[in-house]
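Structure at a glance
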Amino acid sequence: MSVAAVAADRSVCAPLPVLGRDVRVPLVTGGEVDYAALDYAASAPALQRVWDDVAAYAPYYGSVHRGAGYLSQLSTDLFENSRRTIAEFLGCRADDQVVFTRSTTDSLNLLAAALPQGTRVFVFETEHHASLLPWEQRADVAVTYLNAPRTPQQAVDTLEKALAEREPYGPALVCVTGASNVTGELWPVRELAAAAHAHGARIVLDAAQLVPHHPVDLAELDADWVAFSGHKLYAPFGAGVLAGRADWLQDAAPYLAGGGASRKVSRRTDGGVDIEWHTTAARHEAGSPNVIGAYAIASACQALTEAGFPELIAREQELIDRVRAGLAEVPEVQVLSLFGSDAARVGVLSFVVEGWNSSHFAAALSAEYGIGVRDGLFCAHPLVRTLLGSDPQDPGECGAPEAAPGERSLNAIRVSFGAGTPDEHVERFVTAVKELVADGARWNYRTEGGRCVPVA
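Residues numbered from 1 in each chain as written. Predicted model: local features only at pLDDT ≥ 70, side-chain atom pairs only at ≥ 80, totals over all residues. Heavy atoms only, no water.

Within the open sheet, the 4 strands sit side by side as 13-14-17-16. Their pairing is antiparallel. On the outer flanks of this sheet lie strand 13 (333–335) and strand 16 (374–376), each paired with one strand and no other. Each strand of the sheet is rotated relative to its neighbour by a mean of 30°, with strand direction disregarded. As paired strands, strand 16 and strand 17 (residues 412–416) are joined by 3 bridges and run antiparallel to one another. (Pairing = 2+ DSSP bridges. Helix = DSSP H or I, 4+ residues; strand = E, 2+ residues; numbered from the N terminus. Axes fitted to C-alpha atoms, helices over the stretch in contact; angles between N-to-C directions.)

This part takes up the environment of Gly 260. Summarising the element assignment, Gly 260 is placed in the loop between helix 9 (247–251) and strand 11 (262–267). With 24 residues separating them in the primary sequence, Gly 260 and His 284 have C-alpha atoms 8.7 Å apart. Aside from chain neighbours lying at most four places away, what touches Gly 260 is Arg 66, His 278 and Ala 282. (Contact = heavy atoms within 4.5 Å.)

Another point: the side chain of Lys 232. Following the sequence through the fold, Lys 232 ends up in the loop between strand 9 (225–229) and strand 10 (240–244). Buried within the structure, Lys 232 lacks any salt-bridge partner; Asp 39 is the closest side chain of opposite charge, at an N-O distance of 7.8 Å. Only 2.7 Å separates the side chain of Lys 232 from the backbone oxygen of Ala 41, close enough to count as a polar contact. Within the local environment of Lys 232, its side chain forms a polar contact with the backbone oxygen of Ala 42, the two atoms lying 2.9 Å apart. Setting aside chain neighbours within four positions, we find Lys 232 in contact with Ala 41, Ala 42, Ala 44, Ala 208, Gln 209 and Pro 212. (Buried < 20%, exposed > 50% of the residue type's maximum accessible area, 1.4 Å probe, protein only. Lys, Arg positive; Asp, Glu negative; His and termini not counted. Salt bridge = Lys/Arg side-chain N within 4 Å of Asp/Glu carboxyl O. Polar contact = N/O pair within 3.5 Å; in protein donor to acceptor, adjacent residues only side chain to side chain.)

Within the secondary structure, Phe 79 is located in helix 3 (residues 70–89). Overall, Phe 79 belongs to the buried group, its relative accessible area being 1%. Considered as a pair, Phe 79 and Ala 294 are 215 residues apart in the sequence and their alpha carbons are 6.5 Å apart. Residues in contact with Phe 79, not counting those within four places in the same chain, are Val 64, His 65, Phe 100, Glu 285, Pro 289, Asn 290, Val 291 and Ala 294.

Tracing the sequence through the fold places Arg 414 in strand 17. Of the polar contacts made by the side chain of Arg 414, one reaches the backbone oxygen of Asn 181; its length is 3.0 Å.

This part covers the packing of aromatic side chains. The tally for this structure, following the rule as stated, stands at 10 aromatic pairs. Look at Phe 79 and Phe 100: their rings are 5.1 Å apart centre to centre, the planes differ by 45°, and that puts the pair in the tilted class. Taken together, the residues span a long stretch of sequence, with Phe 79 in helix 3 and Phe 100 in strand 4 (residues 97–101) at a distance of 21 residues. Among the residues examined, Phe 100 registers a relative accessible area of 11% and is labelled buried. Ring geometry for Phe 89 versus Phe 309: centroids 6.2 Å apart, planes at 40°, classification tilted. Remark: Phe 309 occurs in helix 11 (residues 309–328) and Phe 89 occurs in helix 3; sequence separation between them is 220 residues. A residue is classified by how much of its surface remains accessible, and Phe 309, at 9% relative accessible area, is buried. Here the aromatic cluster, defined as three or more aromatic residues joined through ring pairs, consists of Phe 351, Trp 356, Phe 361 and Phe 429. Lying over the aromatic face of Tyr 169, Arg 166 brings its terminal NZ or CZ to 4.1 Å of the ring centre. (Phe/Tyr/Trp six-rings, centres within 6.5 Å; stacked < 30°, edge-to-face > 60°. Lys NZ or Arg CZ within 6 Å of the ring centre and 35° of its normal.)

Residues Ile 86, Leu 90, Leu 159, Val 216, Phe 228, Val 241 and Ile 297 are the most contacted members of the largest nonpolar core, which totals 85 residues. Here this core gets 10 residues from one element, more than from any other, and that element is helix 10 (residues 291–307). If near-sequence neighbours (up to four positions away) are discounted, Val 241 is found in contact with Ile 86, Leu 90, Val 98, Val 99, Phe 100, Thr 101, Ser 107, Val 226, Ala 227, Phe 228 and Ile 297. Within the second largest apolar cluster, 32 residues are counted, among which are Ala 362, Leu 365, Phe 417 and Phe 429. (Core = buried A, V, L, I, M, F, W, Y, C linked by side-chain atoms within 4.5 Å.)

Moving on: the sheet that holds strand 5 (residues 120–124). Read from one edge of the open sheet, 7 strands run 4-10-9-8-7-5-6, paired in mixed fashion. Single-partner strands in this sheet number two, and they are strand 4 and strand 6 (142–146). Strand-to-strand twist of the sheet, defined as the mean angle between neighbouring strand axes without regard to direction, takes the value 20°. Across 5 bridges, strand 7 (residues 172–177) lies against strand 8 (residues 202–206) in parallel orientation. Bridged to Cys 175 within strand 8 is Val 204. Across the sheet, helix 6 (residues 152–164) lies against strand 5, strand 6 and strand 7, angled at about 160° from strand 5, the strand it touches most.

Let's shift gears to the pattern of salt bridges. Once their charged atoms are close, side chains differing in charge can pair, the charge on each being opposite to the other. Applying the stated rule across the entire model yields 24 salt bridges. One salt bridge in this structure joins Asp 270 and Arg 268, with 3.1 Å as the shortest N-O distance. Classification of Arg 268 as partly exposed rests on a relative accessible area of 34%. Here the salt bridges share partners, and the residues they tie into one network are Arg 315, Arg 322, Asp 423 and Glu 427.

Taken together, Tyr 60, Tyr 70 and Leu 71 make up a surface patch of nonpolar side chains, about 340 Å² in accessible area. Secondary-structure assignment places Tyr 60 in the loop between helix 2 (48–57) and helix 3. (Patch = residues over 30% accessible without salt bridge, like charges linked within 9 Å, V, L, I, M, F, W, Y side chains within 5 Å. Areas by Shrake-Rupley, 256 points an atom, 1.4 Å probe, with all protein chains shown as cover.)

Moving on to the packing of helix 6 against helix 7 (residues 189–198). The relative placement of two packed helices is expressed as an angle between their axes plus a distance between the axes. Taken N-terminus to C-terminus, the directions of helix 6 and helix 7 make an angle of 15°; their axes are 9 Å apart at the nearest point. By the angle class used here, helix 6 and helix 7 are roughly parallel. Crossing of helix 6 over helix 7 shows right-handed handedness. Two secondary-structure elements touch here, helix 6 through Ala 155, Val 156, Leu 159, Glu 160 and Leu 163 and helix 7 through Glu 191, Leu 192, Ala 195 and Ala 196. Broken down by class, the residue content of the contact of helix 6 with helix 7 amounts to 7 nonpolar, no polar and 2 charged. (Parallel < 35°, antiparallel > 145°, perpendicular 65-115°, else oblique. Left-handed = near helix turned anticlockwise from the far one by under 90°. Nonpolar A, V, L, I, M, F, W, Y, C, P; charged D, E, K, R; others polar.)

A separate point is unusual backbone geometry. With an omega dihedral of -5°, the bond running from Glu 167 to Pro 168 counts as a cis peptide bond. Relative to the assigned elements, Pro 168 resides in the loop between helix 6 and strand 7. The phi dihedral of Phe 378 is positive, around 60°, even though this residue is not glycine. Following the sequence through the fold, Phe 378 ends up in the loop between strand 16 and helix 13 (381–388). The backbone of Cys 379 shows a phi angle near 50°, a positive value even though the residue is not glycine.

Right, dumping it as structure tokens:
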């Protein structure tokens, strides 16, 4: 059956409709096909429900918190109700704060700026750069990088040993992912939180890849903070969340200085100014807030809750099983894993193909099959290098291979999916992998600007 014919069969649809599900893209071999978006781990398509909610609000757009008009009051209520919706979605405790940011990266940089002086941070080398790098910006904060564990229990044991041996004994923070953006494997968050608290440390959960796929309950996990991005959670770009303990956030200088973060500003007799900052989430939300971004996240939270995580998880596991079974039938394909083939995971898998440059393979999936995946190091350079067995000092950039098509370079291919993925997209992907490995690409490709692209 041709690619176009397979794509035309939409007998099994995704549980949550997303934007772009009917977008047609051209194939270099001729014709068009429905675009198969299998790069959810980078940015999930927005839910149709979210887009509809935002569109319904758009005519009522107004300034927030400081406007007396009806639309300003309406927008303020919408903004603060969104905060409450998200707090409920995350299982926040009564005294937790929900701070709106731009992204997971922004959230973790905010937390890094709020750490007490002398804090020691413990982070596994397996983290995404968003949770691996922010702590380096503080000269008065020490960072301990932990080696990649090979089992969930080894992760807990490694952390416990590092915390027990820390000197001096002072404030400490553990940063850990909930689900790997490279392998999709679930991390033992509850056990790591227990280990952290047993040694007087706090823990922040990078839930960017977890929250779109599984429920995240701060109280149940006993995590101190959680960070995630709206654009991973089926909402448009530009908004994120940091939620959790209020004390370190209240004691820190505002992340940005400006209107909204200040409660009172007055001139002093010596010519300077005295500033009284808010102690609520507003302390770190200076400037006019992204109301639409906050509302979009809240809408996505409601949509996932109403759809039911048990049903979504069961259906996604079926897709995961299909992809893994299909790739297992191709000896040339090596799926990357830290914890082994039996590890629980979300819909994120990375792999390499013997005899193929990963950028070449991804380009062929796009140009010849209308399938969008990602190739590169996925902003998790140390982890991918560990999984590929390369030297940590080997050169490499995210998504920018340094070898010509057909030559080995330091990169991999990632396929990712979720609640908006039709069965056909997964079936087309598995078929495409098998055909490319068996028959090779049907088109010629060249390297242009660090990317592998089809020859015009």
